[in-house]
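Here's the letter readout for the chains.
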Amino acid sequence: MLNVGKIEEGFVLDHIKAGKSMDIYEHLQLGKLDCTVAIIKNARSNKMGKKDILKVECDINQLDLDVLAFIDHNITVNVIKDGEIVDKKDLVLPKMIKNVIRCKNPRCITSIEQELPHIFFLADEEKELYRCKYCEEKG
Amino acid sequence: MKHLMSPLDFSVEELEKLFTLARDIEKNPAKYAHACDGRILATCFYEPSTRTRLSFESAMLRLGGEVLGFSEAASSSAAKGESVSDTIRIISCYSDICAMRHPKEGAPMVAAEKSGIPVINAGDGGHQHPTQTLTDLLTISTLKGHLDNLTIGLCGDLKFGRTVHSLINALVRYPRIRFVFISPEELRVPDYITDALKEKGIPYEEVIRLENVMPSLDLLYMTRVQKERFFNEEDYVRLKDFYILDTAKMELARPDMLVLHPLPRVNEISVEVDADPRAAYFKQAQYGVYVRMALILTLLEISAA
């Protein structure tokens, strides 16, 4: 059994669907942060069989985790301070996501305009439906 | 600075002000003949649309302003690969207001984000065509006298027809509106529109045969099956003649039912219907100029009084 030590301050992202941890790493742009990140893949889970876990040692105000709700709202976020879990963060669907998904509508201006960000707005919270800012196509 | 991307950019009250201004322009054209002296409208049309472009140009010329622009992407710097963002920055240096048509959906919004002048969406792909909607609303409110309590039939291409989508979005803001969607299965109104209607509790029905619903309509909005919206020629040929409005069908309609059409028509309304007093589509084109005049004045914040 592989052992990864405790972190002093930061987040533990648990119950990530097995194999998805690198996607989350990319979406949170963890590669750009000067912090310690542990990526645990295919950990045993009673609930899920297999799961991924991300441990991020950083200032807890440094990361915007709202995008996680869009990617997978089953992920649990444990907030760590002084080596202890101090909070379990509820994931809230972000009102807007930028460059997380791409607009698939071939008629959308995002398909040709240089360096135009792919922005989606939350159109229906209940249905978790996002629409492209420019063409209103479903995300 | 205000732009027009969608008919919903204006509140119902702002629309009423716009329509009042448009009706005043109709009655007193001389009062507005020099309202835009020294102002320039740029018509940036990345795809051909003679009718909309000429309507905008006529509107500006009737206000005493001047017009410049291009009428297809090939004759603009887009052919050299220039982005919409760059083009509008340049156009902002040359003119006071811009009407943009683009085959890509959302292109006028990109322009508005970077523009130093008001931008009017003159049609973006299959998405929005707000000035057509303003034209439709002005026509209905002037000829019917009100925009509420109407049963509105929309017929033809309800899937790709942006004029239809824009009109529905605008009309749902008025009380006691009922819709009848008349289309072949392949060209049904998109789910997101019917979902929104359900959510708002606005009654609608979807039918295939026009004849059956004619007697119930206060207004029939005909549309053309547009070749440019199809990727596949076969589908276009199969569906283009699905609905043709003729005098026999008009006999089924109420004596005060109006027929509207965004034009150009191909053959979906027989020429013989033109003589029917209920055929309002040519008047609609005239109202299109008045409402664009009112829009230009409003966005440029010019008062002719």
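Remember, predicted model here, so these are calculated numbers, not experimental data.

Quick notes on the rules
Residues numbered from 1 in each chain as written. Chains lettered and ligands numbered in written order. Predicted model: local features only at pLDDT ≥ 70, side-chain atom pairs only at ≥ 80, totals over all residues. Helix = DSSP H or I, 4+ residues; strand = E, 2+ residues; numbered from the N terminus. Buried ≥ 20, exposed ≤ 12 C-beta atoms within 10 Å, placed from the backbone. Contact = placed C-beta atoms within 7 Å. Pairing = 2+ DSSP bridges. Axes fitted to C-alpha atoms, helices over the stretch in contact; angles between N-to-C directions. pLDDT = per-residue confidence, 0-100. Expected span 1.5 Å × (residues − 1). Domains from an automatic or database assignment. Nonpolar A, V, L, I, M, F, W, Y, C, P; charged D, E, K, R; others polar. Core = buried A, V, L, I, M, F, W, Y, C linked by C-beta atoms within 7 Å.

Draft legend 1. Expanded view of the overall build of chain A. Check the secondary structure of chain A and you find two helices and eight strands. The C-alpha extent of chain A, read off along each of the three principal axes, is 50 × 30 × 25 Å. Taking all 139 residues of chain A together, the buried fraction comes to 27%. Taking as baseline every contact in chain A between residues at least 6 positions apart, the subset at least 24 positions apart corresponds to 56%.

Draft legend 2. Spotlight on the sheet that holds strand E6 (residues 177-182) of chain B. All names here are of chain B. Sheet architecture is open: five strands sit in the order E7-E6-E5-E8-E9, paired in parallel fashion. For this open sheet the edge positions go to strand E7 (204-207) and strand E9 (258-260), each flanked by a neighbour on one side alone. Going from strand to strand, the sheet's axes swing by 20 degrees on average, the running direction of each strand aside. Relative to E7, E6 is paired through four bridges, and the arrangement is parallel. When the sheet's bridge partners are listed, Ile182 is paired in E7 with Val207.

Draft legend 3. Structural view of the confidence of the model for chain B. For chain B, the mean per-residue pLDDT works out to 93, and 98% of the residues sit at or above 70. Across the interface, the model reports ipTM at 0.84; the global pTM reads 0.86.

Draft legend 4. Structural view of the sheet that holds strand E7 (residues 119-124) of chain A. All names here are of chain A. Spatial strand order, E6-E7-E8: three strands in an open sheet with antiparallel pairing. Edge positions in the sheet fall to strand E6 (96-98) and strand E8 (129-132), since each of these pairs with one other strand and no more. With direction set aside, neighbouring strand axes in the sheet form an average angle of 35 degrees.

Draft legend 5. Helix H5 (residues 130-144) of chain B, seen in detail. All names here are of chain B. The terminal C-alpha atoms of H5, which comprises 15 residues, lie 20 Å apart, in line with the 21 Å expected from a rise of 1.5 Å per residue. In terms of burial, H5 is largely enclosed, as 12 of its 15 residues are buried. Of the positions making up H5, those classed as buried are Pro130, Thr131, Gln132, Thr133, Leu134, Thr135, Asp136, Leu137, Leu138, Thr139, Ile140 and Ser141. The elements touched by buried residues of H5 are helix H1 (12-27), strand E4 (119-124), helix H6 (162-171), strand E8 (219-222), E9 and helix H10 (281-299). Just beyond H5, the residue with positive phi is Gly145, at close to 90 degrees.

Draft legend 6. Up close: the interface of chain B and chain A. Contact residues are listed per partner, giving 12 residues for chain B and 12 residues for chain A. Secondary-structure elements contributing two or more residues to the side of chain B that touches chain A are helix H3 (84-94) and helix H4 (107-114) of chain B. When residues in the side of chain B that touches chain A are grouped by element, the largest group, three residues, is from H4 of chain B.

Draft legend 7. Representation of the domain arrangement of chain B within the structure. All names here are of chain B. Along its sequence, chain B is carved into domain 1 (7-128 + 288-299) and domain 2 (131-285). Placing the centre of domain 1 and that of domain 2 at their C-alpha centroids yields a distance of 25 Å. Each partner contributes residues to the interface: domain 1 has 20 residues there, and domain 2 has 19 residues. Elements supplying a minimum of two residues to the side of domain 1 that touches domain 2: H1, E4 and H10. Per-element accounting of the side of domain 1 that touches domain 2 gives the leading share, six residues, to H1. Considered class by class, the residues forming the side of domain 1 that touches domain 2 number 12 nonpolar, five polar and three charged.

Draft legend 8. Spotlight on the environment of Lys55 of chain A. Residue and element names in this part refer to chain A. Residue position: Lys55 is located in strand E3 (residues 49-57). Expressed as a C-alpha distance, the spacing of Lys55 and Asn78, which sit 23 residues apart in the sequence, is 9.6 Å. Contact partners of Lys55, with chain neighbours within four places excluded, come to Val4, Ile7, Val12 and Ala38.

Draft legend 9. Region of the structure containing the nonpolar core. The biggest cluster of nonpolar side chains holds 95 residues, and the ones touching the most others in it are Cys98, Met293 and Ile296 of chain B. Of the residues forming this core, the biggest block, nine residues, is contributed by H10 of chain B.

Draft legend 10. Seen up close, the pairing of E3 of chain A. All names here are of chain A. Across six bridges, strand E1 (residues 10-17) lies against E3 in antiparallel orientation. Opposite Gly10, over in E3, you have Glu57 as the bridge partner. The pairing of strand E2 (residues 36-45) with E3 spans eight bridges and is classified as antiparallel. Residue Thr36 lies in a different strand from E3, and its bridge partner there is Glu57. Between E2 and E3, which pair antiparallel one after the other, the connecting turn spans three residues.

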